[in-house]
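Architecture at a glance
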Amino acid sequence: MQGLTEVLFRRVYEECFPGALPLAVAPFIALTRNLRFSTDNAQIRDVLPENNHDSIPVVPQILGKEPEEFILLANCLYDLGYNEVNWNMGCPMRTVTAKHRGCGLMPHPDEVRTILDTILPRMHTRLSVKIRLGLKEKDEVFRMVPVLNDYPLVSVTVHPRLGRQQYTGVPDLEAFGQMLPFLKAPVIYNGDICTIEDAHNIRRRFPQVADLMVGRGILYNPTLPLGAVDVSLNKHFIRRLMEAIRTTLPTEESVMRKTKEYWSLLWKALPISEMEARKVLRAQELTTVDNLIEEFIQ
Ligand SMILES: Cc1cc2nc3c(=O)[nH]c(=O)nc-3n(C[C@H](O)[C@H](O)[C@H](O)COP(=O)(O)O)c2cc1C
């Protein structure tokens, strides 16, 4: 997740819970015209092996639809040691979808076929994709599935919301269940897995699902993959993450911004009320933010 599950997070997570998460899909790297594979690009730095050796094993993700740039980036990632990249066909941001990127590709199976025909023979890495049910209508996924089935994809991660819903409403599990038997590649379910019970429910209802992907749930409860909620381990993780933010980011302003970004989700891992949590988000001074968080994770 952009701004959240970047390498700083993944390293602290691996330090606190070694091996608990077998894999993380990195926040997307956006294709740009005349893309140059440069370490000036923070999204590329995020997946450099030297930054990731003590992190959760990672699959880089690409957002975009320009075949030449896609091939170039995928092959640079292969040279770095990656043998899988994930194609983001789920991002719902309007600025993205308007350009037929991310979830904006879902209504265009013919365009996806042309892109896959061009990139797959020239990519050295294998490809997995992440999709939604559609941008505007869930029928879109039923037209996309036969296209995806024609290619040797590692997996298809399905987030059963529409792009126009962004992150609101609930995942459409009925539509997910209808499309599931038609997809040939192993299917990974993603969406609103926030508790262990949520994970069990999806496993029970859809035994043919190959795996689960947790998004915001990993921040709502970092101990979720351990199979039990452990508040004291959650507190330890938050302390280590906050320390890493302070030692990594260059200015007080950036530390404050990043701390609040995480805190807006992470506070749910603690036995505190939303009103208490909001005090941190309203605080103007970094010392106040620090003191409040320290109090909550005592
Ligand atoms: C702030 C934020 C950033 C995200 N960035 C990405 C991203 O870079 N790549 C991606 O595939 N999904 C991204 N997502 C979507 C999540 O991976 C996931 O599909 C979505 O949040 C639904 O799953 P959840 O209910 O488990 O969070 C992002 C979501 C949020 C809230």
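The shown structure was predicted, so the numbers you read here are calculated from the model rather than taken from an experiment. (Residues numbered from 1 in each chain as written. Predicted model: local features only at pLDDT ≥ 70, side-chain atom pairs only at ≥ 80, totals over all residues. Heavy atoms only, no water.)

**Brief notes about helix α4 (residues 67-79)**
- Taking 1.5 Å per residue as the helical rise, α4 with its 13 residues ought to reach 18 Å, and the 18 Å between its terminal C-alpha atoms agrees with that figure.
- Among the residues of α4, Glu69, Phe70, Ile71, Leu73, Ala74, Asn75, Cys76 and Leu77 are the ones counted as buried.
- For α4, the elements touching its buried residues are β2 (29-30), α2 (42-45), β4 (61-63), β5 (84-89), α6 (109-119) and β6 (126-134).
- Immediately beyond the C-terminal end of α4, within one or two residues, lies Gly81, with a positive phi of roughly 115°. (Helix = DSSP H or I, 4+ residues; strand = E, 2+ residues; numbered from the N terminus. Expected span 1.5 Å × (residues − 1). Buried < 20%, exposed > 50% of the residue type's maximum accessible area, 1.4 Å probe, protein only. Contact = heavy atoms within 4.5 Å.)

**Some remarks on the packing of aromatic side chains**
- Counted by the stated rule, this structure contains 10 aromatic pairs.
- Between Phe9 and Phe237 the ring centres are 5.5 Å apart and the planes differ by 80°, which places this aromatic pair in the edge-to-face class. Of the two residues, Phe9 is situated in helix α1 (residues 7-16) and Phe237 in helix α11 (residues 231-248); the sequence distance between them amounts to 228 residues. The pair Phe9 / Phe237 is uniform in exposure class, with both members buried. (Phe/Tyr/Trp six-rings, centres within 6.5 Å; stacked < 30°, edge-to-face > 60°.)

**Quick look at the side chain of Lys130**
- The topology assignment puts Lys130 in strand β6.
- Buried charge Lys130 goes without a salt bridge, the closest partner of opposite sign being Asp192 at 11 Å. (Lys, Arg positive; Asp, Glu negative; His and termini not counted. Salt bridge = Lys/Arg side-chain N within 4 Å of Asp/Glu carboxyl O.)

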